[in-house]
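An overview of the molecular structure
Letter by letter, the chains look like this.
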Amino acid sequence: ILSLFSEFSEDEMCQLYVHDTFPDKKRCHCYYRITDHDVVRNLAGKTTHHELLEYEIDDGVLSSQQRTSVKSNNRYLKLLIRDFVWIVSPWKNAVYKWVEKEKPDCIFSDTGDSCFLYDISLHLSKKYSLPIISAFGDDYYAINAKSTEVVHKMQLFFLRKKIKEFVNMCDKVITINDLFAQYYRTQFQLSEDKVITLANGSNFQFSEQSIKDYKTGEIQFSYLGNLSLGRGDNLLDIGRALEKYNQKNGTAHSLNIYAKASGEFLKKCEGKASIHYNGFVTGDDFLCAINSADVLIHTESFSEENIAQTRLSLSTKIADSLNSGKCLLAYGPPKIASMRHLVENNCAFVIDSPAKLEERMGEILRHHELRSEYSARAKRTALQYHDSKINSGRLRQMYMDLIR
């Protein structure tokens, strides 16, 4: 979101959000917060949601430090109940007063796996005749479409119906890659110019000094991201391939992992000299981790179950990795969008099969000129697709055209 709105001024935006914390940064002219707890209180005739005041934003807790668990017991039942409560709760009038005070010209709608998120934008758009630009960073329509769990199937039925209504009401639909865009055009019979690709931008600035001399020294591979959906297993495979290469060649190349890890994963890392677990990092520590790496890693699982979850995704970390100007190693199935993006732009050293892992790892370790070539291509691709200033400028122009 910061990337998409980097070229907007603070007084051009106001934000309505539903997370039970304060905003990370003062990026907007005004904030209005309404949470799940608020809409429950509304049922009892209490109004607790409100426009946030300056002191509340200044003294607030960073919302980036608080995460909602992706997996929890009875998650889909909770989502169904949550959507129902938002439908029956009389929350709209107080929000309408805030909207009428701010007098917005248009709506930007982020998306998710809850129907009420789409309903908020639809209500405001219909009541005030406001155009909507929506952004899909993940596919919530087809993901988990083959679930056999009854409650999940019910929740997915309502969600898919709502997304279909929503995208047809939107003036523009933003997706993060061309494969995603084409799927939504076909699925919802949308016009070519209605669905726009804007790849994730990078919010970090990297200096030329951070690019390593690839001719000398031991190679440090670094992974920054999460370990879910089979990515942790892939990293263990890479670590084992490094271990074998080191033992055979008397080298000490290493894999640094920066992520939140379970005890089970950490146990699997024990005894592997080539794997160094460094914990989860953000902000300046994230930047330092990238700067200290020789080769960065992007990986996705080869299992069909996980491919169904990630086939249209394009990780934000890819934008940061390419923008850093470091050589990027990509290990994953060739048919998913993130791997296709890297292959089509020839900007990463790609290993698209577990059977090729050891051989290809040896290749990138032996040939420093390969690492240098992919380093240069990474930076060029970042400037072409992942420049926050350019992408935000495109979004701003879309709004200017809609308003006119």
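Keep in mind that this is a model prediction, so the values were computed, not measured.

A closer look at the nonpolar core
- Within the largest apolar cluster, 66 residues are counted, with the highest numbers of intra-cluster contacts made by Phe136 and Ile163.
- At six residues, helix H5 (residues 115-128) tops the list of elements feeding residues into this core.
- Apart from the residues lying within four places of it in its own chain, the contact partners of Ile163 are Tyr118, Phe136, Tyr140, Tyr141 and Phe188.

As for the sheet that holds strand E7 (residues 195-197)
- Taking strand neighbours across the sheet as the criterion, the four strands line up as E4-E5-E6-E7 in an open arrangement whose pairing is parallel. Of all strands in the sheet, those with a lone pairing partner are strand E4 (107-110) and E7, marking the two edges. Direction aside, neighbouring strands of the sheet carry axes that sit 25° apart on average.
- As defined by bridge partners, strand E6 (residues 172-175) adjoins E7 across three bridges and the pair is classed as parallel. Bridging from a neighbouring strand, Thr175 pairs with Thr197 of E7.

Observations regarding the confidence of the model for the protein
- Looking at the protein as a whole, its pLDDT mean stands at 90, while 92% of the residues score no less than 70.
- Averaged over each element, pLDDT in the protein is lowest for helix H2 (residues 54-58) (68) and highest for strand E13 (residues 349-351) (98).
- Note that pLDDT drops below 50 for residues 62-70; the model gives that stretch eleven contacts with residues more than four away or on any other chain.

Considering the packing of helix H3 (residues 75-88) against helix H6 (residues 150-169)
- Remark: H3 packs on H6, axes separated minimally by 8 Å, with the N-to-C direction vectors making an angle of 40°. Between H3 and H6, the angle falls in the class oblique. Crossing angle aside, the handedness with which H3 passes H6 is left-handed. Packed against H3, whose contacting residues are Tyr76, Leu77, Leu79 and Leu80, the element H6 presents Val151, His152, Met154, Gln155 and Phe158 at the interface.
- Taken together, the residues of the contact of H3 with H6 break down into seven nonpolar, two polar and no charged.

Analysis parameters
- Residues numbered from 1 in each chain as written.
- Predicted model: local features only at pLDDT ≥ 70, side-chain atom pairs only at ≥ 80, totals over all residues.
- Heavy atoms only, no water.
- Core = buried A, V, L, I, M, F, W, Y, C linked by side-chain atoms within 4.5 Å.
- Buried < 20%, exposed > 50% of the residue type's maximum accessible area, 1.4 Å probe, protein only.
- Helix = DSSP H or I, 4+ residues; strand = E, 2+ residues; numbered from the N terminus.
- Contact = heavy atoms within 4.5 Å.
- Pairing = 2+ DSSP bridges.
- Axes fitted to C-alpha atoms, helices over the stretch in contact; angles between N-to-C directions.
- pLDDT = per-residue confidence, 0-100.
- Parallel < 35°, antiparallel > 145°, perpendicular 65-115°, else oblique.
- Left-handed = near helix turned anticlockwise from the far one by under 90°.
- Nonpolar A, V, L, I, M, F, W, Y, C, P; charged D, E, K, R; others polar.

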